[in-house]
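# Topology and contacts: notes
Single-letter residue listing:
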Amino acid sequence: MPEFSMRCRTVGVLIGLVVLAGCAVNGPVSKQAEPEPVRSPEQARELSRQGMLAHQQGQTSVAIEALQKAVALDPTDAAAANNLALLLKQQNRFEEAAGVLKTAIQASPDVADLHYNLAVISEIYLLDLSAALSHYQRYTELAAEEDKAVTGWMADLQRRLQ
């Protein structure tokens, strides 16, 4: 492994020199489109597993870090995103948790639990009642069984929004 990191530093230095040389000769380097992030579902699953193990051992910050990496490597892993959002919620990081859920919903729009948890965070912690109602409605469309509690919450939200 040390050999790999040495090569990365050497390549990084060389790239830096090339960029500087280009700036000296040709002026500033134009901005390029950002490269597509690397996707690795296998590595993401391992990081997710490590994150949940860390959580079970009471190492919440380690768990969050592992799950953040897992979600970055595989945005379609709804379970990892959901677990990350719940850990962030436990730390009162509600905006961040909602952001994780919104991103996960973009990648996996038909996962009921993502909509449910975003609805709860939106209603209770962010006081965004219209977002909460919207996600509760989507949750009920996707859920396998009717959830009478959620139906009641939706009716309450509709009254509060009028």
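See the structure shown above.
Quick summary incoming for the structure in this document. (Residues numbered from 1 in each chain as written. Predicted model: local features only at pLDDT ≥ 70, side-chain atom pairs only at ≥ 80, totals over all residues. Heavy atoms only, no water.)

Grouped together as the largest cluster of nonpolar side chains are 22 residues, with contacts concentrated most on Leu84, Leu88, Val100, Leu101, Leu114 and Ile121. For this core, the secondary-structure elements that each account for two or more residues are helix 3 (60–73), helix 4 (78–90), helix 5 (94–107) and helix 6 (112–125). Look past the residues within four positions of Leu84 in its chain and what remains in contact with it is Ile64, Leu67, Gln68, Val71 and Val100. (Core = buried A, V, L, I, M, F, W, Y, C linked by side-chain atoms within 4.5 Å. Buried < 20%, exposed > 50% of the residue type's maximum accessible area, 1.4 Å probe, protein only. Helix = DSSP H or I, 4+ residues; strand = E, 2+ residues; numbered from the N terminus. Contact = heavy atoms within 4.5 Å.)

All right, on to unusual backbone geometry then. The backbone of Asn92 sits at a positive phi, close to 60 degrees, despite the residue not being glycine. In this structure, Asn92 sits in the loop between helix 4 and helix 5. Given a relative accessible area of 56%, Asn92 falls into the exposed group.

The next point concerns the pattern of salt bridges. Evaluated as defined, the whole model comprises eight salt bridges. In this structure, Asp110 and Arg138 form a salt bridge, with 2.6 Å as the shortest nitrogen-oxygen distance. Of this pair, Asp110 sits in the loop between helix 5 and helix 6 while Arg138 sits in helix 7 (residues 129–142), and the two are 28 residues apart along the sequence. Classification of Arg138 as partly exposed rests on a relative accessible area of 26%. (Salt bridge = Lys/Arg side-chain N within 4 Å of Asp/Glu carboxyl O.)

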